Amino acid sequence: MSENKKVGVCGWLEGRLDRFYSTPWGGHLKNARKEMLLAARALIDDRLEWLDRLGHDSEPRKIEVE
């Protein structure tokens, strides 16, 4: 067998997952995964906007260190 070809449980499972995701139940899981990623993106966007608002109120200051 070639070293580049992955065979075994992972290959076996991967073929079954493709079939599973094509079912209505699998579609629900794919949609749920997408919703979780969209929620994470929304949280990141909110945090970035918050940081932008903090930066607009003041200019950077030089702090002397002894």
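See above for the structure.
One structure accompanies this document, and this report is about it. Just so you know, these numbers come straight off a predicted model, no measurement behind them.

As for the overall build of the protein
A tally of regular secondary structure across the protein gives 2 helices and 0 strands. Counting the 66 residues in the protein, one finds 3% classified as buried. Only carbon and sulfur atoms are counted for the fraction: they give 58% of the accessible area of the protein, which is about 7,000 Å².

Considerations on the packing of aromatic side chains
Under the counting rule described, the total for this entry stands at 1 aromatic pair. Seen from their ring centres, Phe20 and Tyr21 are 5.9 Å apart, and the 55 degrees between their planes marks the pair as tilted. On the basis of relative accessibility, which here comes to 33%, the residue Phe20 falls in the partly exposed class.

About the criteria used
- Residues numbered from 1 in each chain as written.
- Predicted model: local features only at pLDDT ≥ 70, side-chain atom pairs only at ≥ 80, totals over all residues.
- Heavy atoms only, no water.
- Helix = DSSP H or I, 4+ residues; strand = E, 2+ residues; numbered from the N terminus.
- Buried < 20%, exposed > 50% of the residue type's maximum accessible area, 1.4 Å probe, protein only.
- Areas by Shrake-Rupley, 256 points an atom, 1.4 Å probe, with all protein chains shown as cover.
- Phe/Tyr/Trp six-rings, centres within 6.5 Å; stacked < 30°, edge-to-face > 60°.

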